[in-house]
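# Residue-level structural notes
Below are the chains, spelled out letter by letter.
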Amino acid sequence: MEINVIYENIEIVRENAVIVNNQTYDIQIDVPDSNNIDRESKSDKFEVLPTEISIISTDIPPTDIPPTDIPPTDIPPTDIPPTDIPPTDIPPTDIPPKIPSIVFVSNRDGNDDIYLTDEHETFSMNLTNSPNDIYNGHPSWSPDGKNIVFHSNMDDPGGHNSEIYIISVEGNNLRRLTNHLEWDGQPSWSPDGRYIAFESKRDGKFEIFLYDLNNDTINKINTNMSAGYPSWSPNGKYIAFHSKDFSGMNIYMINMENNIITPITMDEFDNWMPSWSKNSENIIFSSNKDGVRDIYSLNLVDKNIKKVIPTNEDDWWPVTLSPDGTKIIFCSYNSGFWKLYIANIDGSNIRVFAESNGDTKWAVWKN
Ligand SMILES: [Ca+2]
Ligand SMILES: [Ca+2]
């Protein structure tokens, strides 16, 4: 290093000085003579006060000490506590994220449980995971996609008393909404997130009730008829339902602002299980009016009705559309089992979905 030394009031700069201790410096210097003309070489140990020297650190450039001079093992790993880096901050890149978009029911492990998956079945999660004397059914998404409402006999194992429950898509915060000895089921979440519509026989016949999540109260929708399978329109204005009336099973809808009920089908066949197009202009339902059960769509504006999935199979069972409205997922009863299918909305490209040896049914697409 280079140091400056004040020696007899003369500043001396010397390179390659060696520090012996804090105050003694072994320095070879050229000492000027008294006339400051000639110089003689002199080597000695000088005692110098710290204030009289300055060490010019820039004489040692950083590159003089290559980084490899400090082996990595000199820094023990424990110097960086693992807790400083939470594991969730670095998602594993080789495992696709589990983003559920379709909820369905399957008895693949012995009883009807609620499962979550996505359109391409990259994962499958048993949300209810109940023992074999419990059935869970008719799941419906909350509008924010964070919770599932469904019916279950989990508080009456082996029995038939169904109640309405909510559970988060992570499988947490299970909560029972109803508590009545009669049937409560087929829940449908309102698009504004406030109400759960469901059917119940608590007043003697099938009727539709609203559970208000804001104040935990239950109120009946007065239709003056048998009413079940409530289905909110995406715009929140209507609830479609089916009713066993004097002729057969028919579809109706009720205007939630003025309680006016409009019949959608009026025949002697079984028309049931209504759902909606994304623009709230079409009601999709199942009917056996051609002898076999098929899926139909009725346009509320021009009253035009058309068959959505034209097949020769029995017991087609409509469920829901994909978020972009281009695909439909539905259920069919074939060879003694319920099976799920996905197809384009025009009926093309039908494929089996979530195949298992038992029943798969009640599939609902998240909006
Ligand atoms: Ca189970
Ligand atoms: Ca009940």
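Residues numbered from 1 in each chain as written. Chains lettered and ligands numbered in written order. Predicted model: local features only at pLDDT ≥ 70, side-chain atom pairs only at ≥ 80, totals over all residues.

## Here we look at the sheet that holds strand S13 (residues 175-176)
Our working rule: Pairing between strands is defined by DSSP: at least two bridges between the two strands are required. Going along the chain from the N terminus, every DSSP run of H or I of four or more residues is numbered as a helix, and every run of E of two or more is numbered as a strand.
Strands sit in the order S10-S11-S12-S13 across an open sheet of 4 strands; the sheet is antiparallel. If you trace the sheet from one side to the other, it starts and ends with strand S10 (136-141) and S13, each paired once. Sheet topology places S10 next to strand S11 (residues 147-152); 4 bridges connect them, and they run antiparallel. Across the sheet, the residue bridging to Gly137 is His151, located in S11.

## Considerations on the pairing of strand S8 (residues 113-117)
Here is the rule we go by: Here the C-beta atoms are placed from the backbone, and a residue counts as buried if at least 20 other C-beta atoms lie within 10 Å of its own, exposed if 12 or fewer do, and partly exposed otherwise.
Of all 5 residues in S8, 5 are buried; the element is thus mostly enclosed. Every second residue of S8 is oriented toward a common face, with Asp113, Tyr115 and Thr117 on one face and Ile114 and Leu116 on the other, all of them buried. Counting the residues between successive antiparallel strands, the hairpin from strand S7 (residues 102-106) to S8 contains 6 residues, one of them, Gly110, with a positive phi of roughly 120 degrees. Summarising the sheet, S8 and strand S9 (residues 125-126) pair through 2 bridges and their orientation is antiparallel. Note on S9: the bridge partner recorded for Leu116 is Met125.

## Some remarks on the confidence of the model for the chain
Counted only if it meets this: Confidence of the predictor at the level of single residues is captured by pLDDT, which takes values from 0 to 100. Contact between two residues is assigned whenever their backbone-derived C-beta positions fall within 7 Å.
On average, the chain scores 82 in pLDDT, and the residues at 70 or more come to 73%. Counted against residues more than four places away or in other chains, residues 19-43, with its pLDDT under 50, gives 35 contacts. In the predicted structure, residues 48-63 sits below a pLDDT of 50 and forms 17 contacts with residues beyond four places in sequence or in another chain.

## Quick word on the nonpolar core
Which entries qualify depends on this criterion: What we call a nonpolar core is a set of buried Ala, Val, Leu, Ile, Met, Phe, Trp, Tyr and Cys residues whose membership is set by joining through C-beta atoms within 7 Å.
With 64 residues, the main nonpolar core has Phe104, Ile239, Ile329, Phe330 and Ala363 as its most contacted residues. Broken down by element, this core gets its largest block of residues, 5 residues, from strand S20 (residues 249-255). Residues in contact with Ile239, not counting those within four places in the same chain, are Ala197, Ile208, Pro230, Ser231, Trp232, Met253, Ile254 and Met256.

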